[in-house]
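Tertiary structure, described
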Amino acid sequence: MTSDIVVRAINAAEHEALGELTVAAYREVGETDEPYYAELRDVATRAALVPLLVAVDASSGRLLGGLTYVPGPGPYSEGEFGEAAASIRMLAVDPAARGRGAGRALVEAVIERARSEGRSSIGIFTRPFMTAAQGRSGALGFEREPALAWQ
């Protein structure tokens, strides 16, 4: 993990900021599904049901990004990954903070957490325009599973 980035659980005071950051990040990379933005902004509901992690600048405390960690079957699980798998949803990095390692730090934190919980694998869906996420995922050992592709 990059030493100038801290990954931790989200604070309630950060819910609105993470929601807006997530929408900005998805817009920046090409997500144009306006109805989905309401779900992306609803951080409070997600945080009440599953863990949310944020990446913050260690010196300033500035929010750099965040994600929804789905520890297995249940709320926010997309189901296709199996009973023993964790998954990542709604991974977003502030467009102004891209290239600093926040996305990588978030994914590495999930890998560590899933291992400690005994999860057999971690799934993440990406869309064709999410090239940075695909590159990062591949660099961290994720492999594309064509049987699960829905687009």
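Up top is the structure.
Residues numbered from 1 in each chain as written. Predicted model: local features only at pLDDT ≥ 70, side-chain atom pairs only at ≥ 80, totals over all residues. Heavy atoms only, no water.

1. Side note on the overall build of the protein
Stated precisely, the cut-off is as follows: We count a stretch as a helix when DSSP gives it H or I for four or more residues in a row; a strand needs E for two or more, and each element gets its number in order from the N terminus. For each residue, the accessible area found with a 1.4 Å probe, counting protein chains only, is set against the maximum for its type, and the residue is called buried under 20%, exposed over 50%, and partly exposed in between. In what follows, residue pairs with any heavy atoms lying within 4.5 Å of each other are defined as contacts. All accessible areas in this document rest on Shrake-Rupley with a 1.4 Å probe, and a residue is counted as covered only by the protein chains that are shown.
Counting secondary structure elements, the protein contains five helices and five strands. Shown N-terminal to C-terminal, the secondary structure of the protein runs as helices and strands in the order β-α-α-α-β-β-β-α-β-α. Within the span of the protein, comprising 151 residues, buried residues form 42% of the whole. Looking at the protein alone, contacts between residues at least 24 apart form 66% of all its contacts between residues at least 6 apart. Carbon and sulfur atoms make up 51% of the accessible area of the protein, which totals about 7700 Å².

2. Some remarks on the packing of aromatic side chains
So the rule is basically this: Aromatic pairing here means that ring centres of Phe, Tyr or Trp (its six-membered ring) are within 6.5 Å. Orientation follows from the plane angle: under 30 degrees is stacked, over 60 is edge-to-face, and everything else is tilted.
The full count for this structure, using the stated rule, is one aromatic pair. The interplanar angle of 65° and the centroid separation of 6.1 Å between the aromatic rings of Tyr26 and Tyr36 together place this pair among those described as edge-to-face. A residue pair is termed long-range when its members are at least 10 positions apart, and Tyr26 in helix α1 (residues 15-29) and Tyr36 in helix α2 (residues 34-41) qualify at 10 residues. Taken as a pair, Tyr26 and Tyr36 share a single burial class, namely buried.

3. Quick word on the pairing of strand β3 (residues 63-70)
Rule in force here: Two strands are counted as paired when DSSP detects at least two bridges linking them.
Most of β3 is tucked away, with eight of its eight residues classed as buried. When strand β2 (residues 52-57) meets β3, the two strands line up antiparallel, connected through five bridges. Across the sheet, Val54 pairs through a bridge with Gly66, a residue of β3. Where β3 and strand β4 (residues 85-93) come together, five bridges link them in antiparallel fashion. Counted as the bridge partner of Tyr69 is Ile88 from β4.

4. So, helix α4 (residues 102-116)
Counted only if it meets this: In this scheme, a helix's expected span is set at 1.5 Å multiplied by one less than its residue total.
With 15 residues, α4 should cover 21 Å at 1.5 Å per step; its first-to-last C-alpha distance of 21 Å lies within 8% of that length. Of the positions making up α4, those classed as buried are Ala102, Gly103, Ala105, Leu106, Val107, Ala109, Val110, Ile111 and Ala114. Positive backbone phi, at 80°, marks Gly118, one or two positions downstream of α4.

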